[in-house]
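Overview (structure and organization)
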Amino acid sequence: MLKGIHHRTLLTATAWLALFGSTALLAQQTADEEAFNPGAAIEEIEAMQLQFNDPDADELTVSNALELVGQIRAGTESCVANTRPEVARLDGELGILPVFNENENIEIWERRNALQAEKSLVEARLSNCELVISRSDGLTAIAEQKRSRLSRRRVMSRGDALWSSGERKLETVKLWPAKIIQALKPAASIDGSFAATWILIALAGLAIGIGIALRFKFRRWYKNARADERAPEFKYLVPGPLTEYAPILLAGLIAAIVINIYAAEPVWDLVSFRLAIGVLAYGFGRVIIEWSTGPLSPAAEVEGLIPAMVKPVRRRLHRFLLALVGSFVILGRGWLVDLPEDQDTLSRSVLTLLLAFSLLSVLWIARKIPGLMNRFRFTRFLILLIILVAILVEILGYHNFAGYLTRGIVLTAMSGFAIWMLLWMIEQTRNAITTGSSPLAFRTRSYLGISSAEKPSRLGPYQLLIDITVWLGFAALLIWIWDNSGTVLPKAGTHITQGFTIGAISIMPLNILSGVIAFTGLLLVTSWIKGLIQRRWVRHMTMDRGARDSMVTLAGYAGFAIASITGLALIGVSLAGLAWIATALSVGIGFGLQSIVNNVISGMILLFERPVKVGDFVTVGTVEGFVKRISIRSTEIETLDNQNIFVPNSELVSGQVTNWVLHDPHGRLRIKVGVAYGSDTKLVKEILETAGRDHPEVITDPTRATPPKALFMEFGDSSLNFELRVRIKRIERRYDVTSDINFVIDQAFKEHAITIPFPQRDLHIKTLPPNWPDND
């Protein structure tokens, strides 16, 4: 009783909380709508336009203004979205009222005037909101152009060349050791606390000790399992690099955490914190390099890389990783983007050149790998050209441009490597699902409704969608890397969300993407439901296999129809316009599509009436075999020669079809035999019936079928004709059974000296030709 009271109390409290929450949310939304003032928004836009006209405006000011314009536009879109339905509502109410006349009721007149006044106010608000959208779009275009110009000016600015100001650069080099020592002092990192410094040292030492212990434990496990004597396995190759570099990983992680806790200033400004993060990143980089060039990795599919070229490739990748981590530690998060605050261009130049030359070494070794010699030549040439240009402009003093090129090529290479790994993982996952024998693979195939005969083909559309998504993401990533002004992606996002027009056609990419995702998701759900129906419900119903397959097939067609309608609705296709499509289809059916529609309707008849079911042994014209699948347009029949023939459904409905196993799989054979005149007919009858009874496929139980019986059919021209009639268990094996019984009959006839006659003709010549040689 108390338990029930507690449940009711909890439900009541939950309901009240939901009510209060929804009320508060609605009130907040209403308050936001009322708080938006189109007039104030227009004034703000005009003020920002004056700032853009200022020649001294920098990139930060323009970026902040763009962000503010975006916020204003978002509020304006909400205003338009909420105001248009209000205008439509007022129009509807005004349309209900009668037309004005002199004798109408005063209440109707007052109501009409009130509605017209309210409509005027709402329309004015809607016009102002649309005006704000128009002006914000114009201001956004101006701001993006200005930011692009400022970005190009910054990137192409020129500083001191490497050979200029030699004395000043020499003084800068002399100051490097002191700067490094000062930056790495613990007191400069962790608030000058002596205790915090020792905590850092103790925890880092403990982390290194734990990492060494993990490495030793894995090596002992690997040795005891004799894994080096067997084929490579993931359970050894994945944790191997992790435990090998566990001391570095744990030390860097612990140091970063301690410095972050006790830091006296923003952690990213501390060289010691960046050094700890750099150690952690270096450890992870080594792990990725070791694994990605191992025997179970994408590199294993590159001809000639493993094992001949693994060591030189790893050495060059390690150098590149060191240069990358060193640049981050010394220059900070904004490395290769802007000049450092202290204007130490020499260290920036040295690190840029170091990165460029390490990339060149990786590119040089790649051309020696047999599997890459004749591939990606244009890509390698383009990368080489960009690196050489970066080195040249860095020497000439265009440090920002060199940093832009180096940063772009480094991030592009890292992104390409990540995409390569990701696509390989997707391919391995697909192979594991389609060909795997693990319980997880079987369960996944069962949930997706994939049979053993269609495993690779059913996953094809999903893999295509995933690959397209990955490549689109890679394209967006490349745009983000090389778009130094940061205007391309926002503009593309605007076109995707708000759409664009081509002629008189309005295209909404976001709606199209939503429709495709919904269609694919509903297809996945449909596959799962089909598998669920087959596993959980249909198997326990008292119906034959054909009815079960028909139910699953119809469920799949219903799910496909729902997915198609939902996807078209999200894309923006008006379902009312489908009537025109239906009209066009009716015209097409009248001219050239009647055969296709005939097959589709025939397929529906087959699925409902089921004169032919999956698994039946049928004869359709000259085609004979098992029904493998009944689709909406055709039926697949597998012949005894393992040929798959697709028969149009209309032939199965309107033509003559022999279903050998419609009600049961049994069938009758009639084997005709002729013996010579004078043979013992009773002995022949006994031999034939014995041959039939002794075959394992023949039914001899009189309660199930008529036992084998030999009949004396007729006196032939040259033989006494008999016919052996037997019932066999599986009619599809009639050729094999006939052959076996014929062999037995022939052997028995030979043993009992029974002759099988054959037609003979005697030629009697009464008169020879006059010129015949023997004619005397």
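Residue indices follow the written sequence of each chain, beginning from 1 at its first position. Only residues with pLDDT of at least 70 get local features here, since the model is predicted, and only at 80 or more are side-chain atom pairs given and counted; chain-wide, interface and lining totals rely on the full set of residues. Values reported for side chains reflect all heavy atoms of the structure, with hydrogen atoms and water molecules removed beforehand.

Attention shifts here to the overall build of the protein. Along the backbone of the protein there are 23 helices and 10 strands. The classification of residues rests on relative accessible area computed with a 1.4 Å probe and restricted to protein chains. Under 20% of the type maximum is buried, over 50% is exposed, and intermediate values are partly exposed. In the protein, buried positions account for 34% of the 776 residues. Whether two residues are in contact is decided by their heavy atoms, any of which lying within 4.5 Å being enough. At a minimum sequence separation of 6, the contacts of the protein that also span at least 24 residues come to 68%. Only runs of H or I of at least four residues qualify as helices and only runs of E of at least two qualify as strands under DSSP, and these elements are numbered from the N terminus.

Moving on, we come to the sheet that holds strand β3 (residues 617–620). One requirement defines pairing of two strands: DSSP has to find at least two bridges between them. Ordered by their spatial adjacency, 5 strands build an open sheet running β6-β5-β4-β3-β7, and the pairing between neighbours is antiparallel. Each of the sheet's edge strands pairs with one partner strand only, and the pair in question is β6 (644–648) and β7 (657–659). Pairs of neighbouring strands in the sheet enclose a mean axial angle of 40°, with direction left out of account. Where β3 lies against strand β4 (residues 623–630), 4 bridges are found, and the strand directions are antiparallel. Each residue of the ladder has a partner; that of Phe617, found in β4, is Phe626. Axis definition: a line fitted to C-alpha atoms, limited for helices to the stretch in contact. Angles are taken between N-to-C directions and run from 0 to 180 degrees.

Here we take up unusual backbone geometry. Despite not being glycine, Ala753 has its phi angle at roughly 55°, a positive value. In this fold, Ala753 is placed in the segment after α23 (734–751). Assessed through its relative accessible area of 68%, Ala753 is described here as exposed.

The subject of this paragraph is the packing of helix α22 (residues 681–693) against α23. Axis angle and axis distance: for two packed helices, these are the angle between their axes and the distance between the axes, and together they describe the pair. For the pair α22 and α23, the least separation of the axes is 9 Å and the interaxial angle reads 145°. α23 is crossed by α22, and the crossing has right-handed handedness. Of α23, the residues touching α22 (which contributes Val684, Ile687, Leu688, Ala691 and Gly692) are Ile741, Val744, Ile745, Ala748 and Phe749. Looking at the contact of α22 with α23 residue by residue, the class counts come to 9 nonpolar, 1 polar and no charged. In this scheme the crossing of two helices becomes right-handed for a clockwise turn of the near helix relative to the far one and left-handed for an anticlockwise turn of less than a right angle. For this classification, the nonpolar set comprises Ala, Val, Leu, Ile, Met, Phe, Trp, Tyr, Cys and Pro, the charged set comprises Asp, Glu, Lys and Arg, and every other residue, Gly included, is treated as polar.

Moving on to the sheet that holds strand β8 (residues 667–675). Pairing in this open sheet of 3 strands is antiparallel, and the strands run β8-β10-β9 from one edge to the other. Either end of the sheet is taken by a strand with one partner, and the two such strands are β8 and β9 (709–715). On average, each strand axis in the sheet is inclined to that of its neighbour by 25°, with strand direction left out of account. Where β9 lies against strand β10 (residues 720–728), 6 bridges are found, and the strand directions are antiparallel. Its bridge partner lying in β10, Phe712 is registered against Phe722. Sheet contacts for α22: β8, β9 and β10; angle to β10, the most-contacted strand, approximately 20°. Contacting β8 and β10, α23 runs over the sheet at an angle of about 30° to β8.

A word on the pattern of salt bridges. Whenever a carboxyl oxygen of Asp or Glu lies within 4 Å of a side-chain nitrogen of Lys or Arg, that contact is scored as a salt bridge. Evaluation of the coordinates by the stated rule reveals 17 salt bridges. Salt-bridge contacts for Lys119 lead to Glu123; the nearest nitrogen and oxygen are separated by 3.7 Å. With a gap of 4 residues between them, Lys119 and Glu123 both fall in helix α4 (residues 106–155), about one helical turn apart. Between Arg219 and Glu244 there is a salt bridge whose closest N-O contact spans 3.0 Å. Here Arg219, found in helix α6 (residues 194–224), pairs with Glu244, found in helix α8 (residues 239–244); they are 25 residues apart in sequence, far enough to count as distant.

Looking now at the environment of Arg443. Its place among the elements puts Arg443 in helix α15 (residues 439–448). Separated by 10 residues in sequence, Arg443 and Ile433 have C-alpha atoms that sit 9.2 Å apart.

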